[in-house]
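Listed here are the chains, written in short residue letters.
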Amino acid sequence: MLLTITTTMDPATDLGYLLYKHPDRVQRFEQSFGTAHVFYPDAEPRRCTAALLLDVDPVKLVRTRGRSTPDFSLGQYVNDRPYAASSLLASAMAGVFRTAMRGRCEPRPDLVETPIPLEIVLPALPCRGGPDQAERFFAPLGWDVSAVPVPLDPEFAAWGDSRYVTLTLTGTLRLADALNQLYVLLPVLDDAKHYWMAPDEVDKLIRAGEGWLATHPDRGTITRRYLANRRGLVRTALGRLADADESSEETLDPAQVEEEPTSEDGEEQHVSLAEHRLQSVVQALREEDARRVIDLGCGSGKLLAQLAKDDFFSEVSGTDVSHRALTHAWRRLRWDEGRRPANDRVRDVFQGALTYADERFRGYEAAVLMEVIEHIDPPRLSAVERVVFAHAKPRVVVVTTPNAEHNVRYEGMAPGSMRHPDHRFEWTRDEFRAWADKVADAHGYRVRHVPVGDDDPDVGAPTQMGVFTR
């Protein structure tokens, strides 16, 4: 099976830096199911093409299958795996292009974040749903998609088309994004995987889908296919995507919610963790009679929108370091062309960094850091503490963060992993209490701790919340 990646950036041979594969050499990588070869059929300053050729050994492939795998006799040796792109190619990509997929390029770090013109070709791709399905999955990611059906036999047109397409993607994207999208969508289009679905598949999906999967219009279908419709894994993945996008699981995948149990009057009993967290923060602000609130790290503005429509609150503002997140927040709050919100309770939504003192953070009764501190590098956390508790010093500070102990209850999480690839740490309940007590003592606050979500008797609630009062 074959994958080619072509660019016309200037100079095009910089593709070798991004892939960590020198254009002048042919490289060979042994896989458990065959051999991967990387070479450059074209390496000129104006146009450069890298090729990944995967030579699958059917005997090796059979030997990697578990003892409990059903025996399909000849079908185990005679199949399309040596020729058609599938999860085998995705696995080879993850090994051969690991550094590129993680967005690392030490010799040329400037290249990593630069969108470059790309053309990706897969001559034979199994595509359940036909060419339209390939268009649905790739077009929302910024690709121009050409999916041409492969005929069963060119000599016998009446036989019609096979289930394979020749896929060509053209667009201007970061190479890391392009590779991660292929890694997820190749097995999704094939709707099959060659290996056993271990719980760490959710971690792989969240890591490879960072920055695009949570906002994809077909994220539900992609998640279900990638995880082979294993309901527990799918529910875990959708929950983590909802947290990443600050959306409810219902928004991520309405079809999944229909499977949830309902009460006798037909109302759904399940409340997503993201929604439960939002309700808990609002309740804490009400209990402290804090009516003027700033959301520090507001993300896409879900909490802001909730506060703005609640008559209890008189003035709300938000800030985030990400301009992209603020764009979503402005849209959610229905800002007009002059960037003024439709709701007059919203005072301001602006870009800012929590590691630097900012006069715009001052003057509020309460500040909220909802799922923010775990995204901060530990050495910089003390700067955030000073900015929030010593400079802005509102009467109330509400902080929520994941409870690392509860991660064992997520079926799709590998031991020691974190819920989101951008998390710098996740604390146990004791670690969070120690930090909160230290901060409160240093800045003249009291703190009470509130579990958020179902409070497991052994590992606690999935989210922990500290409510600081001065």
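Every value quoted in this text rests on a predicted model; they were computed, and no experiment measured them.

(A) The packing of helix H7 (residues 175–190) against helix H9 (residues 219–226), seen in detail. Where H7 contacts H9, the two axes come as close as 9 Å, and the packing angle between them is 75°. Judged by the angle between their axes, H7 and H9 are roughly perpendicular. From H7, Tyr 183, Val 184, Leu 185, Pro 187, Val 188 and Leu 189 reach across to H9, where they touch Ile 222, Arg 225 and Tyr 226. For the contact of H7 with H9, the class distribution of residues is eight nonpolar, no polar and one charged.

(B) Molecular detail of the pattern of salt bridges. Within the structure shown, the criterion is met by 26 salt bridges. When the shortest N-O distance is used, the salt bridge between Glu 106 and Arg 104 registers 3.8 Å. With a relative accessible area of 62%, Glu 106 lands in the exposed category. Looking at Arg 104, the relative accessible area reads 40%, which means it is partly exposed. For the salt bridge of Arg 277 with Glu 371, the shortest nitrogen-to-oxygen distance reads 3.4 Å. Here Glu 371 lies in the loop between strand E11 (366–370) and helix H16 (378–392) and Arg 277 lies in helix H13 (residues 273–287), a separation of 94 residues in the sequence.

(C) Structural detail: the packing of aromatic side chains. Under the counting rule described, the total for this entry stands at 10 aromatic pairs. Relative to Tyr 445, the ring of Phe 389 has its centre 5.2 Å away and its plane inclined at 90°; by these criteria the two rings are edge-to-face. Taken together, the residues span a long stretch of sequence, with Phe 389 in helix H16 and Tyr 445 in the loop between helix H17 (429–443) and strand E13 (446–452) at a distance of 56 residues. Residue classification places Tyr 445 among the buried residues on the basis of a relative accessible area of 6%. Ring pairs connect the aromatic residues Phe 389, Phe 425, Trp 427, Phe 432, Trp 435, Tyr 445 and Phe 468, which therefore count as one cluster. Lying across the ring of Phe 312, Arg 291 places its NZ or CZ 4.1 Å from the centre.

(D) Here's a closer look at a nonpolar patch on the surface. A surface patch of nonpolar side chains, amounting to about 350 Å² of accessible area, comprises Leu 152, Phe 156 and Trp 159. Residue placement: Trp 159 occurs in the loop between strand E6 (144–151) and strand E7 (161–173).

(E) Spotlight on the side chain of Thr 6. Mapped onto the elements, Thr 6 comes out in strand E1 (residues 2–7). The class for Thr 6 is buried, based on a relative accessible area of 5%. Excluding anything up to four places from it in sequence, Thr 6 contacts Arg 47, Cys 48, Thr 49, Pro 117, Leu 118 and Glu 119.

(F) Layout of the sheet that holds strand E9 (residues 315–320). A sheet is described by the order of its strands in space; here seven strands give the open sequence E10-E9-E8-E11-E12-E14-E13, paired in mixed fashion. Each edge of the sheet is formed by a strand with only one pairing partner; in this case those strands are strand E10 (346–351) and E13. Neighbour-to-neighbour, the strand axes of this sheet turn through a mean angle of 15°, independent of strand direction. Where strand E12 (residues 396–402) meets strand E14 (residues 463–469), seven bridges bridge the pair, whose relative direction is antiparallel. When the bridges of E14 are listed, Val 396 appears paired with Thr 469. Lying on the sheet, helix H15 (residues 323–332) is in contact with E9 and E10; it crosses E10 at an angle near 155°.

Analysis parameters
Chains are numbered independently. Their residues run from 1 in the order of the written sequence. Where local features are concerned, this predicted model is filtered to residues with pLDDT of at least 70; where side-chain atom pairs are given and counted, the filter is 80 or more; whole-chain, interface and lining totals use all residues. Here the side-chain values reflect all heavy atoms present in the structure, with hydrogen atoms and water set aside. Convention adopted: a line fitted to C-alpha atoms gives each axis, helices being fitted over their contacting stretch, and angles between N-to-C directions are expressed from 0 to 180 degrees. Numbering of helices and strands runs from the N terminus; a helix is a DSSP stretch of H or I covering at least four residues, while a strand is a stretch of E covering at least two. Reported orientations rely on four angle classes, namely roughly parallel under 35 degrees, roughly antiparallel over 145, roughly perpendicular from 65 to 115, and oblique for the rest. In this description, contact between two residues means that some pair of their heavy atoms is separated by no more than 4.5 Å. Note that Gly is not counted as nonpolar here; it falls among the polar residues with everything else outside the nonpolar set of Ala, Val, Leu, Ile, Met, Phe, Trp, Tyr, Cys and Pro and the charged set of Asp, Glu, Lys and Arg. Note on definitions: salt bridges are taken to be side-chain nitrogens of Lys or Arg within 4 Å of carboxyl oxygens of Asp or Glu. Partly exposed describes any residue whose relative accessible area lies between the buried limit of under 20% and the exposed limit of over 50%, with all areas from a 1.4 Å probe on protein chains only and scaled to the type maximum. Working definition: rings of Phe, Tyr and Trp (its six-membered ring) pair if their centres are within 6.5 Å, and the pair is stacked with planes under 30 degrees apart, edge-to-face with planes over 60 apart, and tilted otherwise. Only when the NZ atom of a Lys or the CZ atom of an Arg is both within 6 Å of the ring centre and within 35 degrees of the ring normal do we say a charge sits over the ring. To count toward a patch, a residue needs a relative accessible area above 30% and no salt bridge. Like charges then connect within 9 Å, nonpolar side chains (Val, Leu, Ile, Met, Phe, Trp, Tyr) within 5 Å. Reported accessibility uses the Shrake-Rupley method at a 1.4 Å probe radius. Residues are deemed covered only where the shown protein chains occlude them. Two strands qualify as a pair provided DSSP detects at least 2 bridges between them.

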